[in-house]
Amino acid sequence: MITHPDIPNDNGFLTSLEQMKDLFVKKGCRQRFGGSTKDELLAWQADSRALLRRLLGFDTFDGCDNKFFELDREVLDGYTRTKCVLQTEEKVYVPLYVLTPADMKPGEKRPAMICPHGHTATMKESVAAVRHAVNADKDFDTYNAQYGEDFVKRGYMVFCPDARGFNERAEKLKQDQEWKCSCYLINHMGIPLGRSAAGMSVWDLVKLCDHIAARPDCDAKRIGCAGLSGGGLQALYLAAADERIACTGSSGYFYGALEALLVISWNCACNYVPGMWQHFDMGDIAALIAPRPFIVETGLRDALNGDSGLTNVTSQLDIARTAYRIFGCPEHLALATFDDGHKWVGTDVYPFFGKNL
């Protein structure tokens, strides 16, 4: 233990996180929009979107055949759930569920919803309401995680994929464990190659957009994305990076990074993209979505928002609101709150998508 009246210490330890907080405040978010006109905003979006895609490692990904396989199909109450696999890179395949409304007519094109999962017990299974999956009941009770089923019952074509390193995509060290999450391994191995866990998962969703746009049962001009927690992260980044996303929802994942991801430093590796905070906070990323509709859902008692709670959320909305105001559509940026913790509720989210998608 080191103690000296002239040396700052933390109970005798010489720590570094306080210095990193100072670094964030002094040198972070350098890409923030500082203009006032639509032309300035459009130019900033073009430059910043290209930068975001580089930070996410998009320049490290190569094309592939985007092969698509249907494995099995189950007819349920009001919809059909099809287990599928999509190729997104050479040697990389994404298992997913495709949910099709029962009232689809031949030749009809429906709006499509991508519903990525968060850090729940059964990942895509809970989002797609696979009720017989082991531990899925925990996700339904704790997180209300079956939002993929909620969307298909509202008439959307719905796509529920596993993120890179999760569930049926777990790496060997995690395959035999109950909690099949290898995002730390994916992130650690990806960083020296110019990649991150978040970037790889978002890339998979970009390739899923390619598949959706080519399907005869989906309207390529009406692709939405919404998710809880880590699924909200993926929805936020995907909409900012890919302008084909026409409407976006992020539940349990929209707040100032300093307070929620640096001070709360035990978060999952998916949150940490090399160089991101030098350029962007979440409000800056949301400004890349404008003028497309974007709704944030958050619990007033969600501890992941940080010590200041809702204030840490609204501060980022204020950053993004400038862009929506310049585009003349402030109503396209919405906030839905509820008096509970970290979970999906959807009370205001579903009408928002119904109106805008």
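Coordinates for the structure precede this section.
Residues numbered from 1 in each chain as written. Predicted model: local features only at pLDDT ≥ 70, side-chain atom pairs only at ≥ 80, totals over all residues. Heavy atoms only, no water.

*Asks:* Provide a residue-level description of the pairing of strand S6 (residues 218-228), including the pertinent values.
*Replies:* In terms of burial, S6 is largely enclosed, as 8 of its 11 residues are buried. The sheet contact formed by strand S4 (residues 110-114) and S6 spans 4 bridges and is parallel. Paired with Ala-112 across the strands is Ile-223, a residue of S6. Alignment of S6 against strand S7 (residues 245-251), held across 6 bridges, turns out to be parallel. Bridging across to S7, Gly-224 finds its partner in Cys-247. (Buried < 20%, exposed > 50% of the residue type's maximum accessible area, 1.4 Å probe, protein only. Helix = DSSP H or I, 4+ residues; strand = E, 2+ residues; numbered from the N terminus. Pairing = 2+ DSSP bridges.)

*Asks:* Talk me through the packing of aromatic side chains; I want residue IDs and the actual numbers.
*Replies:* Overall, the coordinates contain 15 aromatic pairs when judged by the stated rule. Taken together, a centroid distance of 5.5 Å and an interplanar angle of 75° make the contact between Phe-151 and Phe-353 edge-to-face. Taken as a pair, Phe-151 in helix H5 (residues 147-152) and Phe-353 in helix H13 (residues 349-356) lie far apart in primary sequence, 202 residues in all. Classification of Phe-353 as buried rests on a relative accessible area of 0%. Geometrically, the ring pair formed by Tyr-272 and Trp-277 is edge-to-face, given 5.8 Å between the ring centres and 70° between the ring planes. (Phe/Tyr/Trp six-rings, centres within 6.5 Å; stacked < 30°, edge-to-face > 60°.)

*Asks:* I'd love a proper account of the pattern of salt bridges, names of residues and values included.
*Replies:* Scanning the entire structure with this criterion turns up 24 salt bridges. Glu-89 is the partner of Arg-164 in a salt bridge, and the nearest nitrogen-oxygen pair spans 3.1 Å. Of this pair, Arg-164 sits in the loop between strand S5 (157-161) and helix H6 (183-190) while Glu-89 sits in strand S2 (residues 79-89), and the two are 75 residues apart along the sequence. Each member of the pair, Arg-164 as well as Glu-89, carries the same accessibility label: buried. Asp-217 is paired through a salt bridge with Arg-215; the nearest N and O atoms lie 2.9 Å apart. Taking relative accessible area as the criterion, Asp-217 reaches 15% and is therefore assigned buried. With relative accessibility at 13%, the residue Arg-215 sits in the buried group. Among the ionic contacts, a cluster of salt bridges with common partners joins Lys-83, Lys-124, Glu-125, Asp-162 and Glu-168. (Salt bridge = Lys/Arg side-chain N within 4 Å of Asp/Glu carboxyl O.)

*Asks:* Please give an account of H13 that cites residues and values.
*Replies:* Within the span of H13, buried status applies to Val-349, Tyr-350, Phe-352 and Phe-353. Summarising the axial view, the buried residues of H13 lie within an arc of 160°, below the 170-degree limit, and thus occupy one face. More than 90 degrees from the buried face of H13, the exposed residues found are Gly-354 and Lys-355. Close packing links the buried residues of H13 with S4, H5, S6, S7, strand S8 (294-299) and strand S9 (333-338). (Arc of directions from axis to C-beta. Contact = heavy atoms within 4.5 Å.)

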